[in-house]
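Descriptive structure summary
Spelled out from the first residue to the last, the chains are:
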Amino acid sequence: MIEANNPDLKSWVEVPANSDFPIQNLPFGIFSINNASPRAGVAIGNFVVDLSVLSELGFFDQLELADNTVFHKQVLNDFMALGKPVWTAVRNRISELLRDDNPELRDNSDAKRQVLYPLQMVQMHLPVQVGDYTDFYSSIEHATNVGTMFRGKENALPANWLHLPIGYHGRASSIVVSGTPVYRPKGQTKADDAAMPTYQPSRLLDFELEMAFIVGQSTNMGESITTKKAEEHIFGMVLFNDWSARDIQKWEYVPLGPFLGKSFASSISPWIVTLDALDPYRVASPQQEPEVLPYLQFEGKKNFDIQLEVSIQPENQEEKLVCQSNFKYMYWNMAQQLAHHTVNGCNINVGDMCASGTISGKDETAYGSMLELTWRGSKPISMPDGTERKFIQDNDTVIMRGFCQKEGFARIGFGEVTGKVFPAI
Ligand code: MN
C-alpha cells in the first residue's frame with residue numbers, strides 16, 4: 001500500500017467524518033483568495049493548503065524540484081510536466097506535513113497562518129490549461145441504451161464498438177470550472193415530420209454524467225503509449241458534466257459526429273484526485289468479449305470503484321437525486337483509451353483532457369443522462385415541487401458528486417461539479 005493512503009493516518013487539521021478530503025486524498029487544485037493571483041493548493045477537510053507559500057517557506061526544499069515556481073502558476077500544467085515520480089513525492093511530502101504526529105508545520109503557528117485557508121473563503125479556478133479535449137463513449141450500458149432508442153435493439157451497438165473505444169475530438173475552450181453559469185444553447189433543429197429545420201434555443205438540454213482524466217506527461221508525434229505505461233501519463237481525475245443539446249445533436253451528428261450540440265459547455269469539478277489516491281479503489285474490468293486486439297489488452301486492475309450521483313435542483317427548491325451510477329461499470333478503461341488514442345502516433349500534451357463518455361449502469365436508476373432516465377422524455381421525473389422534468393429547464397442547477405468508500409479504507413471524494421442553466425442569450 002502507498003503509505004499516504006494508510007487508513008490509520010490522521011491529520012492535525014480537523015477533518016469532518018464524511019469529508020471528501022481526508023489526509024488520504026490530498027487532491028490538487030487552483031484557488032485564489034482576496035483578489036490575489038490564483039495558485040496551487042491541496043484540499044484537506046474544510047481547508048485548502050497553499051502550496052506556493054509552503055514552497056516559499058522551504059517545506060519542499062528536500063524534494064529538490066527542477067522548477068520551484070510551479071506552485072505559483074495559475075494552472076497546474078508546469079507542475080504536472082515534472083512527471084509522475086514528482087507528483088507522488090509532492091503528495092507524500094504534503095501527507096507527512098499534515099500528519100498529527102509531525103510537529104514541523106503543526107507547531108509552527110506563523111507558517112500555518114500563511115498556508116491554511118477555509119475552503120469557503122477561496123475561489124476555485126480551472127485547474128489546468130486544457131489543450132485538447134477528447135470525449136469517449138465507453139459505457140456499454142449507455143451505448144446500448146442510446147443505440148436502442150435510435151436504431152432499435154438489434155442494431156444497438158455500432159459494428160466497431162466492441163473492438164475499439166470510440167471517441168470524438170471535442171472543444172477545449174468551453175470547459176469550465178464548477179459553478180460557472182451555463183447558457184441554453186441555440187441552434188438548428190429539425191423535427192422528424194418537419195420539411196425544414198428551424199433555429200431556436202434548444203428544447204432538449206441534457207447532462208451527461210462523466211469523469212475525465214488529465215494528461216500529465218506528453219508524447220512526441222509518432223510515439224504510442226502502451227496500456228502498461230498509460231497510467232504514467234495520467235495525473236488524476238475530475239467529475240465531468242458533458243452538457244448536451246439533444247435536438248441540435250440529433251440533426252447535426254451524421255456523418256461526422258457531435259459538434260454544436262456539445263461544444264457550448266462542459267463543466268468539471270475543481271479538485272483533481274490523483275491516481276495514487278484512487279489506488280485502494282482499483283477493481284477488475286468487465287470481461288471483454290470478443291477478445292480485443294493485442295495493443296488494447298492489459299494486465300491488472302484498471303477500473304476504479306467510484307460511486308457517482310446526479311441531482312437536479314430547481315431554483316429555490318430542494319435538490320432531487322435522479323441518478324446513482326459507478327465508474328467501475330466502464331467497458332473500456334483509461335489505459336485502453338490512451339493506448340487507442342495514441343496508436344496512430346498522434347501526440348498528447350500536458351493538460352489534455354479525456355472524458356469517459358456517459359457512465360450508465362444496468363439499473364434504470366443508474367442511467368447517466370436525462371435522455372436515458374426519461375427514455376427520450378416518455379417517462380418524466382417528478383420533482384419535489386410537483387413539477388416534472390423530461391430534460392433540464394432554465395434556472396435548474398445540475399449537481400454531480402463522486403466518492404470512493406469501502407470497509408477498512410478511508411473514504412475519499414471528488415467534491416462536486418455544479419452548473420446552473422440560464423436562459424439563452
Ligand atoms: Mn459525452
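With that out of the way, let us pick up empty space enclosed by the protein. Evaluation of the coordinates by the stated rule reveals two cavities of 30 Å³ or more. Quantified by volume, the largest cavity comes out at close to 50 Å³. Taken together, Lys84, Trp87, Thr88, Arg91, Ile234, Phe235, Thr274, Leu275 and Asp276 form the lining of the largest cavity. Listed by contribution, the elements that provide at least two residues to the lining of the largest cavity are helix H3 (84-98), strand E14 (234-241) and helix H8 (275-278). Ranked by the residues each element gives to the lining of the largest cavity, the list is headed by H3, at four residues. Classifying every residue of the lining of the largest cavity gives four nonpolar, two polar and three charged. Mapped onto the domain boundaries, the lining of the largest cavity takes at least three residues apiece from domain 1 (3-125) and domain 2 (133-303 + 327-364). As a volume, the second largest cavity reaches approximately 40 Å³.

So, about unusual backbone geometry. Going from valine 254 to proline 255, the amide bond is cis rather than trans, its omega being 5 degrees. Relative to the elements of secondary structure, proline 255 occurs in the loop between helix H7 (246-252) and strand E16 (266-268). Following glutamate 289, the chain continues to proline 290 via a peptide bond in cis, the omega torsion being 5 degrees. Positive phi values are uncommon outside glycine, yet asparagine 35 reaches one of about 65 degrees. In this structure, asparagine 35 sits in the loop between strand E1 (28-32) and strand E2 (39-44). Positive phi outside glycine occurs at asparagine 395, with the angle close to 75 degrees. Structurally, asparagine 395 is set in the loop between strand E24 (388-389) and strand E25 (397-404).

Counting 52 residues, the largest nonpolar core has Phe207, Met211, Met237, Leu278, Ile306 and Phe327 as its most contacted members. If you look at the next biggest cluster of nonpolar residues, it comprises 48 residues, including Val86, Ile175, Ala212 and Met353.

So, on to the pattern of salt bridges. Per the stated rule, a full pass over the model turns up 23 salt bridges. The salt bridge partner of aspartate 394 is arginine 184, with a shortest N-O separation of 2.6 Å. Within this pair, whereas aspartate 394 is found in the loop between E24 and E25, its partner arginine 184 is found in the loop between strand E9 (182-183) and strand E10 (186-189), the two being separated by 210 residues in sequence. Aspartate 394 sits in the partly exposed class, given a relative accessible area of 29%. Among the salt bridges present, the one from glutamate 315 reaches lysine 420, with a minimum N-O distance of 2.9 Å.

For the protein, the assigned domains are domain 1 (3-125) and domain 2 (133-303 + 327-364). Listed as interface residues are 24 residues of domain 1 and, on the opposing side, 22 residues of domain 2. Among the residues domain 1 hides against domain 2, the three largest losses belong to Met80, Lys84 and Trp87. Together they make up 31% of the total. Counting across the domain 1 and domain 2 interface gives one salt bridge. Where lysine 84 meets aspartate 276, a salt bridge forms, and the shortest distance between an N and an O atom there is 4.0 Å. Within the residue set of the side of domain 1 that touches domain 2, elements represented by two or more residues are E1, E2, helix H2 (77-80), H3 and strand E5 (123-125). For the side of domain 1 that touches domain 2, the leading source of residues is H3, giving four residues. Residue classes in the side of domain 1 that touches domain 2 are distributed as 13 nonpolar, nine polar and two charged.

Taken as a whole, the largest pocket holds about 1,000 Å³ of empty space. Listed by contribution, the elements that provide at least two residues to the lining of the largest pocket are strand E6 (133-136), helix H6 (140-151), strand E7 (167-169), strand E11 (198-201) and H7. Ranked by the residues each element gives to the lining of the largest pocket, the list is headed by H6, at five residues. Here the lining of the largest pocket is composed, by residue class, of 17 nonpolar, eleven polar and twelve charged. When its volume is computed, the second largest pocket comes out at roughly 380 Å³. Lining the second largest pocket we find 18 residues, and of these Phe21, Pro270, Trp271, Gly415 and Glu416 sit closest to its centre. Contributing elements (two or more residues each) for the lining of the second largest pocket: E5 and strand E26 (412-422). Sort the elements by how many residues they give to the lining of the second largest pocket and E26 lands first, with three residues. Partitioning the lining of the second largest pocket into residue classes produces eight nonpolar, eight polar and two charged. Here the lining of the second largest pocket gathers at least three residues from each of two domains, domain 1 (3-125) and domain 2 (133-303 + 327-364).

Analysis parameters
- Residues numbered from 1 in each chain as written.
- Predicted model: local features only at pLDDT ≥ 70, side-chain atom pairs only at ≥ 80, totals over all residues.
- Heavy atoms only, no water.
- 1 Å grid on protein atoms, 1.4 Å probe; cavity = no way out; pocket = protein on both sides within 12 Å on 5 of 7 lines; lining within 4 Å.
- Points joined across faces, edges and corners; volume = space filled by probe spheres on them.
- Helix = DSSP H or I, 4+ residues; strand = E, 2+ residues; numbered from the N terminus.
- Nonpolar A, V, L, I, M, F, W, Y, C, P; charged D, E, K, R; others polar.
- Domains from an automatic or database assignment.
- Core = buried A, V, L, I, M, F, W, Y, C linked by side-chain atoms within 4.5 Å.
- Buried < 20%, exposed > 50% of the residue type's maximum accessible area, 1.4 Å probe, protein only.
- Salt bridge = Lys/Arg side-chain N within 4 Å of Asp/Glu carboxyl O.
- Contact = heavy atoms within 4.5 Å.
- Buried area = accessible area lost by both parts, 1.4 Å probe.

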